[in-house]
Amino acid sequence: QVRLEESGGGLVQAGGSLRLSCAASGGTFSEYRMGWFRQAPGKEREFVAGISRSGGSTVYAVTVKGRLTISRDNAKNTVYLQMNSLKPEDTAVYYCAAGTMTWVPTDMAYWGKGTLVTVSL
C-alpha cells in the first residue's frame, strides 16, 4: 500500500510560481510512474504531467506544457511539480498519483488527498 501526501499549494497571483511536493511512503517508490492531476470546481479530474520510473521521461498536458515541470527524487521518495507563469485557469485541487499503466485517472493505483492551488488576477 503506497501512501501519498501532497504539499505546497496556496494562493498566488497570476504570473506567479508555486512548487508542489508529493511524498510517498509504504511502498517501493521507484516501481511507479508518477503523475500530477487536477480537478477544478464542476469539472472532471484531468491529467497534468507524468514522469517515468527513472525520471528520464516526462509528458505534459498541452495546456501546461512550457509552464509546469515535473521531476522526482527516488532517493527521497518524492515527486515535484514546479508551476511557473500561473494563470487563473490553473486554479484547482492538485493530486499526485502512482501507477504502472497509462495516465488515465482510472488506471492510477494510488492517490493523495490533494492540495489546493488558487491563482488570483
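Cut-offs used in this document
Residues numbered from 1 in each chain as written. Predicted model: local features only at pLDDT ≥ 70, side-chain atom pairs only at ≥ 80, totals over all residues. Heavy atoms only, no water. Salt bridge = Lys/Arg side-chain N within 4 Å of Asp/Glu carboxyl O. Buried < 20%, exposed > 50% of the residue type's maximum accessible area, 1.4 Å probe, protein only. Helix = DSSP H or I, 4+ residues; strand = E, 2+ residues; numbered from the N terminus. Core = buried A, V, L, I, M, F, W, Y, C linked by side-chain atoms within 4.5 Å. Pairing = 2+ DSSP bridges. Phe/Tyr/Trp six-rings, centres within 6.5 Å; stacked < 30°, edge-to-face > 60°. Axes fitted to C-alpha atoms, helices over the stretch in contact; angles between N-to-C directions.

## Some words on the pattern of salt bridges
Scanning the entire structure with this criterion turns up three salt bridges. Where Glu46 meets Arg38, a salt bridge forms, and the shortest distance between an N and an O atom there is 2.6 Å. When its relative accessible area of 36% is taken as the criterion, Glu46 is described as partly exposed. A salt bridge links Asp90 to Arg38, with the nearest nitrogen and oxygen atoms 2.9 Å apart. With Asp90 in the loop between strand 8 (78-83) and strand 9 (92-99) and Arg38 in strand 4 (residues 33-39), this residue pair connects regions lying 52 residues apart in the sequence. Judged on exposure class, the residue Asp90 and its partner Arg38 are both buried. Each of the salt bridges in this network shares a partner with another, and the network as a whole consists of Arg38, Glu46, Arg67 and Asp90.

## Quick notes on unusual backbone geometry
For Asn77, which is not glycine, the phi dihedral falls at a positive 55°. With respect to the helices and strands, Asn77 occurs in the loop between strand 7 (68-73) and strand 8. The residue Ser85 is not glycine, and still its phi comes out positive at about 50°. One can find Ser85 in the loop between strand 8 and strand 9. Classification of Ser85 by relative accessible area gives partly exposed; the value is 43%.

## A short note on the nonpolar core
In this structure, Leu4, Trp36, Val79, Leu81 and Tyr94 are the most contacted members of the largest nonpolar core, which totals 31 residues. Looking at this core, the elements that each hand over two or more residues are strand 3 (18-25), strand 4, strand 5 (46-51), strand 7, strand 8, strand 9 and strand 11 (115-120).

## Describing the pairing of strand 3
Bridging between strand 1 (residues 3-7) and strand 3 involves five bridges; their strand directions are antiparallel. Opposite Glu5, over in strand 3, you have Ala23 as the bridge partner. Sheet analysis places strand 3 next to strand 8, joined by six bridges and oriented antiparallel. Looking across to strand 8, one finds that Leu20 is bridged to Leu81.

## What about the packing of aromatic side chains?
The geometry of an aromatic ring pair is captured by two quantities: the separation of the ring centres and the angle between the planes. Counted by the stated rule, this structure contains five aromatic pairs. Look at Phe37 and Phe47: their rings are 5.7 Å apart centre to centre, the planes differ by 75°, and that puts the pair in the edge-to-face class. With Phe37 in strand 4 and Phe47 in strand 5, this pair connects stretches of sequence that are 10 residues apart. No difference in accessibility class separates Phe37 from Phe47, as the two residues are buried. Centroid distance Phe47 to Trp103: 5.5 Å. Interplanar angle 35°. Geometry classified as tilted. Of this pair, Phe47 sits in strand 5 while Trp103 sits in the loop between strand 9 and strand 10 (110-111), and the two are 56 residues apart along the sequence.

## Observations regarding the sheet that holds strand 7
Spatial ordering of the open sheet is given by 1-3-8-7, a layout of four strands whose pairing is antiparallel. The sheet is open, and its two borders are formed by strand 1 and strand 7, each paired with just one other strand. Mean inter-strand twist for the sheet, computed between neighbouring axes without regard to direction, equals 15°.

By themselves these figures say nothing about function.
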